[in-house]
Amino acid sequence: KDTEVPEPDKMAWMIDCTLVLLHVIGRALDSTQHGKLLMSNVAARLRELEQRSAADSSAYLHATMRRRIRFLLAWRNAGWPPARLVTLLSGERVILHLADHHTGATLLRGLREKRPLAAN
């Protein structure tokens, strides 16, 4: 059924897959006229989901998922600039991954907690 709305957990999984895919192919899609139209439609739907409220007026999606949607849309609006990733190593062990959208506070907190950060 096209009108059936999936549960938030299932929706979050589908959005996560979509964001990962767009992270990889978004720039290529935006480079063609047809792809740009497709990306505009997908971006509008992601924006709608990011702003959606649940029946009890709480956020439909978890804050982390909403933040990932906003990041992807901002990245697209900036023209898909190349992402940079810094990896801190200790011998052969990865201590920390820091993507360019993380803040210095995130880096310091990660170092203090001595736990790896996700690249996204």
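Quick summary incoming for the structure in this document. Note that the coordinates shown come from a computational prediction; the quantities given were computed from them, not determined experimentally. (Residues numbered from 1 in each chain as written. Predicted model: local features only at pLDDT ≥ 70, side-chain atom pairs only at ≥ 80, totals over all residues. Heavy atoms only, no water.)

### Focus: the overall build of the chain
Right, so step 1: Counting its regular elements, the chain contains four helices and two strands.
Right, so step 2: Mapped in sequence order, the helices and strands of the chain form the string α-α-α-β-β-α.
Right, so step 3: For the chain, with 120 residues in total, the buried portion stands at 23%.
Right, so step 4: Relative to all contacts within the chain whose residues are 6 or more apart in sequence, the contacts with residues 24 or more apart total 44%.
Right, so step 5: Accessible surface, the chain: about 8,600 Å² in total, of which carbon and sulfur atoms supply 57%. (Helix = DSSP H or I, 4+ residues; strand = E, 2+ residues; numbered from the N terminus. Buried < 20%, exposed > 50% of the residue type's maximum accessible area, 1.4 Å probe, protein only. Contact = heavy atoms within 4.5 Å. Areas by Shrake-Rupley, 256 points an atom, 1.4 Å probe, with all protein chains shown as cover.)

### Brief notes about helix H2 (residues 33-51)
Right, so step 1: Helix length check: H2 (19 residues) gives 27 Å between terminal C-alpha atoms against 27 Å at 1.5 Å per residue, within 8%.
Right, so step 2: Within the span of H2, buried status applies to Gly35, Met39, Ala43, Leu46, Leu49 and Glu50. Buried residues along H2 cover an arc of 125 degrees about the axis, so they all sit on one side. For H2, exposure combined with an orientation more than 90 degrees from the buried face picks out Gln33, His34, Leu37 and Gln51. (Expected span 1.5 Å × (residues − 1). Arc of directions from axis to C-beta.)

### Some remarks on the pattern of salt bridges
Right, so step 1: This model, assessed by the stated rule, comprises four salt bridges.
Right, so step 2: Close ionic contact of Asp30 with Arg76 constitutes a salt bridge, the shortest N to O distance being 2.7 Å. Of this pair, Asp30 sits in helix H1 (residues 8-30) while Arg76 sits in helix H3 (residues 63-77); the two residues are 46 residues apart in sequence, bridging distant segments of the chain. A single burial state applies to Asp30 and to Arg76, both of which are buried.
Right, so step 3: Here Arg45 makes a salt bridge to Glu48, at a shortest N to O gap of 2.5 Å. A residue pair is termed a helical-turn pair when its members lie 3 or 4 positions apart in one helix, as Arg45 and Glu48 do in helix H2 at three residues.
Right, so step 4: For Arg45, a relative accessible area of 36% puts it in the partly exposed group.
Right, so step 5: Exposure remark for Glu48: the relative accessible area of 45% places this residue in the partly exposed category. (Salt bridge = Lys/Arg side-chain N within 4 Å of Asp/Glu carboxyl O.)

### Observations concerning the layout of surface pockets
Right, so step 1: Each pocket or cavity is described by its volume, and for the second largest pocket that value is around 150 Å³.
Right, so step 2: Surrounding the second largest pocket, Met11, Met14, Ile15, Thr18, Asn41, Val42, Arg45, Leu46 and Leu49 form its lining.
Right, so step 3: The set of elements that each furnish at least two residues to the lining of the second largest pocket consists of H1 and H2.
Right, so step 4: The element best represented in the lining of the second largest pocket is H2, accounting for five residues.
Right, so step 5: Classifying every residue of the lining of the second largest pocket by side-chain character gives six nonpolar, two polar and one charged. (1 Å grid on protein atoms, 1.4 Å probe; cavity = no way out; pocket = protein on both sides within 12 Å on 5 of 7 lines; lining within 4 Å. Points joined across faces, edges and corners; volume = space filled by probe spheres on them. Nonpolar A, V, L, I, M, F, W, Y, C, P; charged D, E, K, R; others polar.)

### Structural notes on the packing of H2 against H3
Right, so step 1: The N-to-C vectors of H2 and H3 enclose an angle of 150 degrees; their axes lie 10 Å apart at closest approach. Considered as vectors, H2 and H3 are oriented roughly antiparallel to each other. In the crossing of H2 with H3, the sense of the turn from one axis to the other is left-handed. Residue-level inspection shows Lys36, Met39, Ser40, Ala43, Leu46, Arg47 and Glu50 of H2 in contact with H3, the latter providing Arg66, Ile69, Arg70, Leu72, Leu73 and Arg76. (Axes fitted to C-alpha atoms, helices over the stretch in contact; angles between N-to-C directions. Parallel < 35°, antiparallel > 145°, perpendicular 65-115°, else oblique. Left-handed = near helix turned anticlockwise from the far one by under 90°.)

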